[in-house]
Amino acid sequence: SDQIEVDISSNVSGKNPPSGDASKLLGELPASSVAAISSAEFGKRFGEAIDQLDEKGIPGQIPPHELKKAMKAAGIDLEKIAGSVGNLGVFAEGSSESNLGGAAILEVKNATEAKNTVANAGFLLRASHTPGFTVLSGEFSGFSVHNSELGPKPLVVVASGERVVV
């Protein structure tokens, strides 16, 4: 009685509009969410964005046509990641800044690739001596980063089956 649900579906046109359906993933996000969205074929749009960023570079930091090379040298193949990602779901829950939380869930096509990608990102953070970095093991494989600049809760990245959760 004290909740409202609004469902909006859009096939936003663009260079390559998505043709998939991410409604199943949206339905799996927590019912307690204050906001939740899903996006079909997110990997394709991620790949297009990486291509544009690689082409232009990041002024003063990464020259044009060097981003993908640098990440690949660090063990992260952005093109392979983009090619393996399917749908994206994002949700937020909480009633105030102190208890706000949420996650992004990426559906991937290959569980091994998901685990390796998370592991490689963890190796990169460990090698750069990122403060608050911790390897997670057990039911999920991944890592967390606890840093006051990120807020009171740690940033957690895990792979489980054919999903990567941040």
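To be clear, the structure that these remarks concern was listed above.
We now turn to the structure provided with this report. (Residues numbered from 1 in each chain as written. Predicted model: local features only at pLDDT ≥ 70, side-chain atom pairs only at ≥ 80, totals over all residues. Heavy atoms only, no water.)

Along the protein chain, the regular secondary structure elements total five helices and seven strands. In terms of principal-axis extent, the alpha carbons of the protein chain reach across some 55 × 40 × 35 Å. Relative to its full complement of 166 residues, the protein chain shows a buried share of 26%. The contacts in the protein chain between residues at least 6 apart in sequence include a share of 46% that link residues at least 24 apart. Carbon and sulfur atoms make up 56% of the accessible area of the protein chain, which totals about 11,000 Å². A distance of 7 Å separates the average location of the 14 positive side-chain charges in the protein chain from that of its 20 negative side-chain charges. (Helix = DSSP H or I, 4+ residues; strand = E, 2+ residues; numbered from the N terminus. Buried < 20%, exposed > 50% of the residue type's maximum accessible area, 1.4 Å probe, protein only. Contact = heavy atoms within 4.5 Å. Areas by Shrake-Rupley, 256 points an atom, 1.4 Å probe, with all protein chains shown as cover. Lys, Arg positive; Asp, Glu negative; His and termini not counted. Charge placed at Lys NZ, Arg CZ, Asp CG, Glu CD.)

Empty space within the second largest pocket amounts to approximately 380 Å³. If you trace the second largest pocket, you find 21 residues lining it, with Ile 81, Leu 106, Thr 117, Ala 121 and Val 164 closest to the centre. Within the residue set of the lining of the second largest pocket, elements represented by two or more residues are α2 (42-56), α4 (78-84), β3 (101-108) and α5 (111-127). Looking at which element gives the most residues to the lining of the second largest pocket, the answer is α5, with seven residues. (1 Å grid on protein atoms, 1.4 Å probe; cavity = no way out; pocket = protein on both sides within 12 Å on 5 of 7 lines; lining within 4 Å. Points joined across faces, edges and corners; volume = space filled by probe spheres on them.)

Our next topic: the nonpolar core. Judged by nonpolar contacts, the single largest core of 17 residues is most densely connected at Val 118, Phe 143 and Val 164. Of all the secondary structure elements, the ones that give two or more residues to this core are α4, β2 (85-93), β3, α5, β5 (141-145) and β6 (155-160). The contact partners of Phe 143, leaving out residues within four places of it in the chain, are Val 118, Ala 121, Gly 122, Leu 125, Phe 133, Thr 134, Val 135, Leu 136, Leu 155, Val 156 and Val 157. Listed in part, the five residues of the second largest apolar core include Leu 29, Phe 91, Ala 103 and Ile 105. (Core = buried A, V, L, I, M, F, W, Y, C linked by side-chain atoms within 4.5 Å.)

Next up on the list: a nonpolar patch on the surface. Where nonpolar side chains cluster on the molecular surface, the patch consists of Leu 150, Leu 155 and Val 166 and spans about 240 Å² of accessible area. Inspection of the secondary structure puts Val 166 in the segment after β7 (163-165). (Patch = residues over 30% accessible without salt bridge, like charges linked within 9 Å, V, L, I, M, F, W, Y side chains within 5 Å. Salt bridge = Lys/Arg side-chain N within 4 Å of Asp/Glu carboxyl O.)

Before going further, it helps to examine the packing of aromatic side chains. Counted under the stated rule, the structure contains two aromatic pairs. Where Phe 133 meets Phe 143, the ring centres are 5.6 Å apart and the plane angle is 35°; that geometry is what we call tilted. Taken together, the residues Phe 133 in strand β4 (residues 133-136) and Phe 143 in strand β5 connect sequence positions 10 residues apart. In terms of burial, Phe 133 and Phe 143 fall into one category: buried. (Phe/Tyr/Trp six-rings, centres within 6.5 Å; stacked < 30°, edge-to-face > 60°.)

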